[in-house]
Amino acid sequence: MKRKFVLVILLLAAIAAVGLGYEVVDGKIHIVYAARQPVENLDPSIHYDWSTRNLQQSVYDALLKYVGDPPALEPWLAEKWEGSPDATVWTFHLVKNARFHNGDPVTAEAVKFSFERTLTLKQGPAWMLLDVLDPSGIEIVDDYTIRFHLNEPYAPFPSVVPWWYIMNPNEVMAHEVDGDYGQGWLQDHEAGSGPFTIKEWKHGEYYWLEAWDEYWKGWPNPDHIGGFIFKLVREAATQRMMIESGEADIVEGVTPRDFDELAKIPGIYVPEYPGMTTFGIKMNTQKGMTANPMIRKAICYAFDYETLIDVYEGHAVLEDSPFPMATKGHVDLSQWIYRQDLAKAKEFMARAGYPDGGFELEYVYVAGLEEERLIGLALQSSLAELGIKVNLVPLIWPQMVERGSKPETSPDMMAVFTTPISNDPDAVAIQYHPMSAGRYYYSHWYSNPRVTYLVEQARSISDWDARAKMYDEIQRIVLYDAPEVFGMLYNRRWALRDYVQGFRFCPVRMTSEIDMYTLYIDKSKLP
């Protein structure tokens, strides 16, 4: 008996030494994803960013889903769809076996409710369709057919549908309080039909989701993960330590050098893919010194762009246009793109009336995101050449979003990673249209009447050749107006323990977002 007891102690000590992060619940492994960005509000009608989307797509489904690289629209809750020749009427035919987590069927009524709710609350993804779809334009043809009558032609309509998650109207309205449309409850609860459900929600600490074995679409692999703990870890150094020790099974956002080092460690692999996510330094075009276009151009010419490549240890490429290279209709503007030229920078400072600088600007970035801090230091050094003092201001992401939501409070300069919602050029062009006001990527508060007109025209016609000409002009005007320092596209990377398999990349997903649905455990590689 004593010998058995000693063996048990030794086994427990061995497990502790490995530092296993995953949990085993009912024979299923629940992995740990250590990430730096919290989930402030899970309500799909109210909010989205990469961390929120990571959980939303786990507990909810949409009519269509982006999968693969290059991204393709795949039928999901809808088994097929069609549009009218003039792109004003879109009809979706639903699968008949989809169920919400409480057992209710997913019907056209639920689709109508979900779209109406998002349009009515005018938050989250509402901006994508507010100008083209009214609640009155949503028609229930029958229990499993839904039809959208748009106010005007909108060719990209299917491309935005994956962002509109379908909610169970019975669950939502059962938790309505004082006419809030269930908003209070849905902040940290869900009413979806997705592959996972919420097990525990410890705001500011972790969010634990559990696989729903009865998922209507089934699972790609019988050894799929039993769930995942999305754990909030503020420091990149801590994330690296956790993946090395086994306390985490997936990490994102560590430094490029750390990724390179982690890729060399047995038991860890680092997938790397070219993405569509751009990094830019948004400048407030409405308030302060950066409201002066000459100042903005001076900043664009002063910045040392090679630093961006260095920060990512070569795992990035500089932008050659305001549109990502993988975007349909992208135009190579390398001949006119801003690159470091201090003589030109000083020329624009003189034209602005500040030949010697003599003022301060703030650069706001995500607290704990080392890459953005390093870029800030490079910006600080570059602008010092113009007599501009740059103050680095770290904030947590929700605070940054709040500050950028109004021109009066938006920072002089704000570090922003932006991922287009689709590879349709409208997804990028809309970032320079006033209808994006309040969104994090519109913290520049840029407004140009010609660009506004072109964006509206281009999204309303089906003729691609005509659209392409408009997007060409949009890119050239935006570049000339310099509402931001057009930076780079970095390669997407994560670090995973090798027993976590099934990782599938899609460039349309936001920064560090992962589709947890496809992940499974290779039991032969478990420690």
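Asks: Please clarify how unusual backbone geometry should be interpreted in this entry.
Replies: What you tend to see is this: most non-glycine residues have negative phi, and most peptide bonds are trans. With an omega dihedral of 10°, the bond running from aspartate 69 to proline 70 counts as a cis peptide bond. Of note, proline 70 is situated in the loop between β3 (64-67) and β4 (72-75). Here threonine 511, not a glycine, exhibits a phi torsion of approximately 25°, which is positive. With respect to the helices and strands, threonine 511 occurs in the loop between β20 (500-501) and β21 (520-521). Relative accessible area serves as the criterion here: at 12%, threonine 511 is assigned to the buried category.

Asks: Help me out: how do you make sense of the pattern of salt bridges in this one?
Replies: When the charged atoms of two side chains lie near each other, side chains of opposite charge can form a pair. All chains considered together, the criterion is met by 21 salt bridges. Between aspartate 426 and arginine 459 there is a salt bridge, with its nearest N and O atoms 2.8 Å apart. Residue aspartate 426 is located in helix α14 (residues 426-429), and its partner arginine 459 is located in the loop between α15 (449-458) and α16 (464-481); the two are separated by 33 residues in the primary sequence. Owing to a relative accessible area of 3%, aspartate 426 belongs among the buried residues under this scheme. By relative accessible area, arginine 459 is classed as buried at 3%. Arginine 450 is the partner of glutamate 473 in a salt bridge, and the nearest nitrogen-oxygen pair spans 2.9 Å. Of this pair, glutamate 473 sits in helix α16 while arginine 450 sits in helix α15, placing them 23 residues apart in sequence. Assessed through its relative accessible area of 27%, glutamate 473 is described here as partly exposed. Here arginine 450 falls in the partly exposed class, since its relative accessible area comes to 38%.

Asks: Please explain the packing of aromatic side chains as it appears in this structure.
Replies: Aromatic rings considered in pairs are described by the distance between their centres and by the relative angle of their planes. Tallying each qualifying case throughout the model produces 43 aromatic pairs. Relative to phenylalanine 148, the ring of phenylalanine 115 has its centre 4.8 Å away and its plane inclined at 50°; by these criteria the two rings are tilted. Of this pair, phenylalanine 115 sits in helix α3 (residues 108-121) while phenylalanine 148 sits in strand β8 (residues 145-149); the two residues are 33 residues apart in sequence, bridging distant segments of the chain. As far as burial versus exposure is concerned, phenylalanine 115 and phenylalanine 148 are alike and both buried. Aromatic ring contacts, followed pair by pair, group Trp76, Phe196, Trp212, Tyr215, Trp216, Trp219, Phe228 and Tyr517 into a single cluster. The side chain of lysine 217 reaches across the aromatic face of tryptophan 76, ending 4.4 Å from its centre. When the ring centre of tyrosine 305 is taken as origin, the NZ or CZ atom of arginine 339, which lies over that ring, is 5.3 Å away.

Asks: Hey, could you run me through the side chain of glutamate 372 in this one?
Replies: Inspection of the secondary structure assignment puts glutamate 372 in helix α12 (residues 370-384). At 7.9 Å, arginine 36 is the nearest oppositely charged side chain to glutamate 372, a buried residue that forms no salt bridge. A distance of 2.8 Å separates a polar side-chain atom of glutamate 372 from the backbone nitrogen of valine 366. Every residue in contact with glutamate 372, bar those within four places of it in the chain, is listed here: Phe279, Tyr363, Tyr365, Val366, Ala415 and Phe417.

Asks: Help me understand the sheet that holds strand β5 (residues 78-83), please; the structure alone is not making it clear to me.
Replies: In any sheet, the strands associate via hydrogen bonds between backbone groups, in a parallel or an antiparallel arrangement. Reading across the sheet, the 4 strands line up as β5-β6-β8-β7 and stay open at both edges, with antiparallel pairing between neighbours. A strand with exactly one partner marks an edge of an open sheet, and here the two such strands are β5 and β7 (138-142). Taken over all neighbouring pairs, the strand axes of this sheet differ in orientation by 20° on average, direction set aside. In this structure, β7 lies alongside β8, joined through 4 bridges in antiparallel fashion.

Asks: Would you mind going over α3 with me for this structure?
Replies: In an α-helix, one turn spans 3.6 residues, which is why side chains three or four residues apart end up on the same side. Between its first and last C-alpha atoms α3 spans 20 Å; for 14 residues at 1.5 Å apiece the expected length is 20 Å, and the two agree. Counting buried residues along α3, 10 of its 14 residues qualify, which places the element largely inside the surrounding structure. Burial in α3 covers these residues: Ala108, Ala110, Val111, Phe113, Ser114, Phe115, Arg117, Thr118, Leu119 and Leu121. Structurally, α3 contributes buried residues whose contacts are with β6 (89-94), β7, β8, α5 (169-174) and α6 (183-186). Looking at the residues trailing α3, positive phi occurs at lysine 122, about 55°.

Asks: When you look at the pairing of β6 in this model, what are you seeing that I'm missing?
Replies: Working note: regular strand, side chains alternate between the two faces of the sheet. Of all 6 residues in β6, 5 are buried; the element is thus mostly enclosed. Across 5 bridges, the pairing between β5 and β6 is antiparallel. Paired with glycine 83 across the bridge in β6 is tryptophan 90. Once β5 ends, the chain turns through 5 residues before running back antiparallel as β6, passing alanine 87 with a positive phi of about 60°.

Asks: I tried to follow the environment of isoleucine 225 on my own but got confused; where do I start?
Replies: Following the sequence through the fold, isoleucine 225 ends up in the loop between β10 (206-211) and β11 (227-232). The class for isoleucine 225 is buried, based on a relative accessible area of 0%. Taking the C-alpha atoms as reference, isoleucine 225 lies 50 Å from lysine 389; in sequence the two are 164 residues apart. In contact with isoleucine 225, other than residues within four places in its own chain, are Ile29, Ile31, Phe196, Ala211, Met516, Leu519, Tyr520 and Ile521.

Asks: Looking at this structure, how should I read the packing of helix α9 (residues 293-302) against helix α11 (residues 342-352)?
Replies: Each pair of packed helices can be described by the angle between their axes along with the distance between the axes. The geometry of α9 relative to α11 is characterised by a closest axis approach of 8 Å and an angle of 165° between their N-to-C directions. One finds that α9 runs roughly antiparallel with respect to α11. Handedness of the crossing formed by α9 with α11: left-handed. Facing Met294, Ile295, Lys297, Ala298, Tyr301 and Ala302 of α9, the residues of α11 in contact are Leu342, Lys344, Ala345, Phe348, Met349, Arg351 and Ala352. Per-class residue counts for the contact of α9 with α11 are 10 nonpolar, no polar and 3 charged.

About the criteria used
- In this numbering scheme, every chain counts its residues from 1 along its sequence in written order.
- Where local features are concerned, this predicted model is filtered to residues with pLDDT of at least 70; where side-chain atom pairs are given and counted, the filter is 80 or more; whole-chain, interface and lining totals use all residues.
- Values reported for side chains reflect all heavy atoms of the structure, with hydrogen atoms and water molecules removed beforehand.
- Working definition: helices are DSSP H or I runs of at least four residues, strands are E runs of at least two. Numbering for both runs from the N terminus.
- For each residue, the accessible area found with a 1.4 Å probe, counting protein chains only, is set against the maximum for its type, and the residue is called buried under 20%, exposed over 50%, and partly exposed in between.
- When a carboxyl oxygen of Asp or Glu lies within 4 Å of a side-chain nitrogen of Lys or Arg, that pair is called a salt bridge.
- Here the aromatic set is Phe, Tyr and Trp, taking the six-membered ring for Trp, and pairing holds for ring centres within 6.5 Å; pairs whose planes are under 30 degrees apart are stacked, those over 60 apart are edge-to-face, and all others are tilted.
- Any Lys NZ or Arg CZ found within 6 Å of a ring centre and within 35 degrees of that ring's normal is scored as a charge over the ring.
- Residues scored as positive are Lys and Arg, those scored as negative are Asp and Glu, and His as well as the terminal groups of each chain are ignored.
- Counting of polar contacts relies on pairs of N or O atoms within 3.5 Å, with two restrictions inside protein: one atom must be capable of donating a hydrogen and the other of accepting it, and residues adjacent in sequence are counted only when both atoms are side-chain atoms.
- Should any heavy atoms of two residues lie within 4.5 Å, those residues are considered in contact.
- Between any two strands, at least two bridges found by DSSP are needed for them to pair.
- Angles run from 0 to 180 degrees between N-to-C directions of axes, and those axes are lines fitted to C-alpha atoms, restricted for helices to the stretch in contact.
- To estimate how far a helix should extend, the number of its residues minus one is multiplied by 1.5 Å.
- Note on terminology: angles under 35 degrees are roughly parallel, angles over 145 are roughly antiparallel, angles of 65 to 115 are roughly perpendicular, and the others are oblique.
- Two helices that cross are described as forming a left-handed crossing if the nearer one is turned anticlockwise from the farther one by less than a right angle, and a right-handed crossing if clockwise.
- Note that Gly is not counted as nonpolar here; it falls among the polar residues with everything else outside the nonpolar set of Ala, Val, Leu, Ile, Met, Phe, Trp, Tyr, Cys and Pro and the charged set of Asp, Glu, Lys and Arg.

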